[in-house]
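Each chain, letter by letter, is given below.
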Amino acid sequence: MPKQLKISPDKCTGCKSCELACSFANERALNPSKSRIAAITFLEGKYPLAYNFVSTCRQCADAPCLTACPVAAIGRTKDSTKRVFVDQNKCIGCRKCVSACPFGAMMFLKERKKAFKCELCGGNPACAAICPSGAIVYRNVRPFHAKSADLQMAGFALLSRRSGESAKEQKT
């Protein structure tokens, strides 16, 4: 079984420490817009109760981003994590991977004109190390499939729409 991030929304406090740790570990900047993880708070109903949802790359066994890339810039490591990565030297900035990801986890950095995503910090994810509530842990989990029938959730649909709108907006 690959080692991946296991996220428990019921433990998330919405503190966004994961976003800051991620952006610093990957970009050396405390900038949530450059983070590979997003802590989103949903408020619904007449007397809304906050629901925290953390989204990042699921390292899908059937990774749609990998198959969508026309230049094979997205690959999978051969180590025990089997994580999906973006080869920045091969990426042409077409954003097909961004549109293909059903979770909104593949992003695009305008300054570099390149796609980017969570690559598990090379095997030591900063988000899991800093999470104060234990909502994010790095452990062995069964492989995740993006096309599974159990993904018919409103949160995933929202993130997918956000990803698609972001890709369209950036093309203009």
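Residues numbered from 1 in each chain as written. Predicted model: local features only at pLDDT ≥ 70, side-chain atom pairs only at ≥ 80, totals over all residues. Heavy atoms only, no water.

K.L.:
Quick one: what's the story with the nonpolar core, residue by residue and with numbers?
P.N.:
Within soluble globular proteins, side chains that are nonpolar tend to cluster in buried spots. Core analysis: the largest hydrophobic core is formed by 36 residues, its most contacted members being L5, I74, M106 and I136. Of all the secondary structure elements, the ones that give two or more residues to this core are β1 (3-7), α1 (17-27), β2 (37-44), β5 (84-86), α3 (96-100), α4 (126-130) and β8 (136-140). Ignoring sequence-local partners within four residues, the contact set of L5 consists of T56, C118, L120, P125, C127, A128, I136, V137 and Y138. (Core = buried A, V, L, I, M, F, W, Y, C linked by side-chain atoms within 4.5 Å. Buried < 20%, exposed > 50% of the residue type's maximum accessible area, 1.4 Å probe, protein only. Helix = DSSP H or I, 4+ residues; strand = E, 2+ residues; numbered from the N terminus. Contact = heavy atoms within 4.5 Å.)

K.L.:
So, a nonpolar patch on the surface: which residues are in play, and what are the values?
P.N.:
A contiguous nonpolar patch, built from L20, F24 and L30 and spanning about 290 Å² of accessible area, is present on the exposed surface. By the secondary structure assignment, L20 is in helix α1. (Patch = residues over 30% accessible without salt bridge, like charges linked within 9 Å, V, L, I, M, F, W, Y side chains within 5 Å. Areas by Shrake-Rupley, 256 points an atom, 1.4 Å probe, with all protein chains shown as cover. Salt bridge = Lys/Arg side-chain N within 4 Å of Asp/Glu carboxyl O.)

K.L.:
Tell me about the pattern of salt bridges, and name the residues and values.
P.N.:
Throughout the structure, instances matching the rule amount to five salt bridges. Its salt-bridge partner being K16, residue E19 comes within 3.9 Å of it at the nearest N-O pair. For R83, the salt bridge is made with D79, and the minimal N-O distance between the two is 3.0 Å. Judged by relative accessible area, which is 13%, R83 ranks as buried. Look at the salt bridges and you will find they share partners, linking E27, R36 and R112 into a network.

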